[in-house]
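Chain by chain, the residues:
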Amino acid sequence: MKHVRSRYCAAFVFLAALLAALLIWNINAGSVSLSVREILSILAAKGRGSTNFNIVWNIRLPRILEAILLGGALSVSGFLLQTFFANPIAGPFVLGISSGAKLTVSLTMVFLMSRGLVSNSLSLIGSAFAGSMLSMGFILLISQRVKKMSLLVICGVMIGYICSAVTDFVVTFAEDSNIVNLHNWSMGSFSGVSWDQVAVMAVVVGAAMLLSFLLSKPIGAYQMGEVYAQNMGVNIQAFRVTLILLSSVLSACVTAFAGPISFVGIAVPHLIKSLFGTAKPLIVLPACFLGGAVFCLFCDLLARTLFAPTELSISSVTAVFGAPIVIFMMLSRQTKNHM
């Protein structure tokens, strides 16, 4: 027991240290380089009004906090979906949930911009949630008939393609002034975020995380099987609905602000469970949030700096690192099934 606790503590310290290092690195990365002393001075709110202060507080810091919040949200959403479907390959991007949110957000943005209106944070989250629930509804209907997870994943991918195709039509026939905004958002990016948007996403993600923690015991029981969970007094129907709603809210928040981001929701929970050697929700939920934050901060750093001043889409970078992990997971499961 002492050895297990030591492993948990060491793993949390490792993730926290990585997060701190990437935080400083991301603040410093860019056309204007800053020393650690200057960064600490600016974070202490010294030198207000200076160019460096404005760069850090108004451009870099909101973007960093967005990557932390949305990276953590995407990872936790993936863990909840994997718990729901009892399969580590389930995730908001693979199952087409992110694509459904992308479709409804793009329709909302085009509708509002064509009338000279600006889409606010709540309208984007609301439309993304509606799209997420629509895609999730199709997945749940298909899951009633298809029992093999591999076929369900394929159906999810097909739903994702359909939603992406419709989104492309929307972008194609949008007004020229709207296309640039839609194109940048649809490729996935943490850029251009404001403090007001950070505040909104912090409230949404924080509330969803709190509810997820409150569900830790039912999640732990559900991982042992539906019969075991029922015997432990878990209302399976209400529990499954709550899991769907929480995972949809988290993935919708990500899509609304940053666009679709691939593979984080699958790869990070797998890495976290391997690092900690457990699937206990009380341990995995905060660890997934930390792991998702670290993963997205690292990928965003590469997206900004690798080919500067050209910026890569965040989804392209996460796919480069996340896809091999998913392939490794599938091969590992295949090997275990044959043993």
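Thresholds applied
- Residues numbered from 1 in each chain as written.
- Predicted model: local features only at pLDDT ≥ 70, side-chain atom pairs only at ≥ 80, totals over all residues.
- Heavy atoms only, no water.
- Helix = DSSP H or I, 4+ residues; strand = E, 2+ residues; numbered from the N terminus.
- Rg over C-alpha atoms; globule rule 2.2 N^0.38 Å.
- Buried < 20%, exposed > 50% of the residue type's maximum accessible area, 1.4 Å probe, protein only.
- Contact = heavy atoms within 4.5 Å.
- Phe/Tyr/Trp six-rings, centres within 6.5 Å; stacked < 30°, edge-to-face > 60°.
- Patch = residues over 30% accessible without salt bridge, like charges linked within 9 Å, V, L, I, M, F, W, Y side chains within 5 Å.
- Areas by Shrake-Rupley, 256 points an atom, 1.4 Å probe, with all protein chains shown as cover.
- Salt bridge = Lys/Arg side-chain N within 4 Å of Asp/Glu carboxyl O.
- Expected span 1.5 Å × (residues − 1).
- Axes fitted to C-alpha atoms, helices over the stretch in contact; angles between N-to-C directions.
- Parallel < 35°, antiparallel > 145°, perpendicular 65-115°, else oblique.
- Left-handed = near helix turned anticlockwise from the far one by under 90°.
- Nonpolar A, V, L, I, M, F, W, Y, C, P; charged D, E, K, R; others polar.

(A) Representation of the overall build of the protein chain within the structure. Helix and strand counts for the protein chain stand at 14 helices and 0 strands. Starting at the N terminus and walking to the C terminus, you meet the elements of the protein chain as α-α-α-α-α-α-α-α-α-α-α-α-α-α. Computed over C-alpha atoms, the radius of gyration of the protein chain comes to 20 Å, within 12% of the 20 Å expected from 2.2 N^0.38 for 339 residues, which places it in the range of a compact globule. Expressed as lengths along the three principal axes of its C-alpha atoms, the size of the protein chain is roughly 60 × 55 × 35 Å.

(B) Geometry of the side chain of Asp300. With respect to the helices and strands, Asp300 occurs in helix α13 (residues 281–305). Overall, the relative accessible area of 2% leaves Asp300 in the buried class. Once residues within four sequence positions are removed from consideration, Asp300 is found in contact with Asn26, Arg63, Phe190 and Ile314.

(C) Highlighting unusual backbone geometry. Even without glycine at this site, Phe263 takes up a positive phi of about 70°. Summarising the element assignment, Phe263 is placed in the loop between α11 (236–258) and α12 (264–276).

(D) Expanded view of the packing of aromatic side chains. Per the counting criterion, the structure on display carries 7 aromatic pairs. Considering the side-chain rings of Phe84 and Phe85, the 4.9 Å spacing of their centres and the 80° angle between planes classify their relative orientation as edge-to-face. For the residue pair Phe84 and Phe85, the accessibility class agrees, reading buried in each case. Relative to Phe239, the ring of Tyr222 lies with its centre 5.0 Å away and its plane at 45°, an arrangement referred to as tilted.

(E) Expanded view of the environment of Phe239. Within the fold, Phe239 resides in helix α11. The buried category is assigned to Phe239, whose relative accessible area is 4%. Along the sequence, Phe239 and Ala207 sit 32 residues apart, while their C-alpha atoms lie 17 Å from each other. Apart from the residues within four sequence positions on either side, Phe239 is in contact with Leu215, Pro218, Ile219, Tyr222 and Val234.

(F) Spatial organisation of a nonpolar patch on the surface. Residues Leu151, Ile154, Val157, Met158 and Tyr161 make up a contiguous nonpolar surface patch of roughly 470 Å² in combined accessible area. With respect to the element layout, Met158 can be found in helix α6 (residues 149–172).

(G) A look at the pattern of salt bridges. Across all of its chains, the model carries 4 salt bridges by this definition. Residue Asp300 pairs with Arg63 through a salt bridge whose shortest N-O separation is 2.8 Å. Taken together, the residues span a long stretch of sequence, with Asp300 in helix α13 and Arg63 in helix α3 (residues 51–85) at a distance of 237 residues. Taking relative accessible area as the criterion, Arg63 reaches 10% and is therefore assigned buried. Here Arg240 makes a salt bridge to Glu226, at a shortest N to O gap of 3.2 Å.

(H) The arrangement of α13 in detail. The terminal C-alpha atoms of α13 lie 35 Å apart, and with 25 residues this matches the ideal 36 Å at 1.5 Å per residue to within 8%. The element α13 is extensively covered by neighbouring structure, given that 21 of its 25 residues are classed as buried.

(I) Structural context of the environment of Val200. Structurally, Val200 is set in helix α8 (residues 195–214). On the basis of relative accessible area, Val200 is assigned to the partly exposed category, the value being 23%. Not counting chain neighbours up to four residues away, the residues in contact with Val200 comprise Ser121, Ile125 and Phe257.

(J) Here's a closer look at the packing of α3 against α13. At a closest axis distance of 7 Å, the pairing of α3 and α13 adopts a crossing angle of 135°. Relative to α13, the element α3 is oriented oblique. Remark: the crossing between α3 and α13 carries right-handed chirality. On the side of α3, the interface is formed by Arg63, Ile64, Ala67, Ile68, Leu69, Gly71, Gly72, Ala73, Ser75, Val76 and Phe79, while α13 contributes Pro281, Val284, Leu285, Cys288, Phe289, Gly292, Ala293, Cys296, Leu297, Asp300 and Arg304. Split by residue class, the contact of α3 with α13 holds 15 nonpolar, 4 polar and 3 charged.

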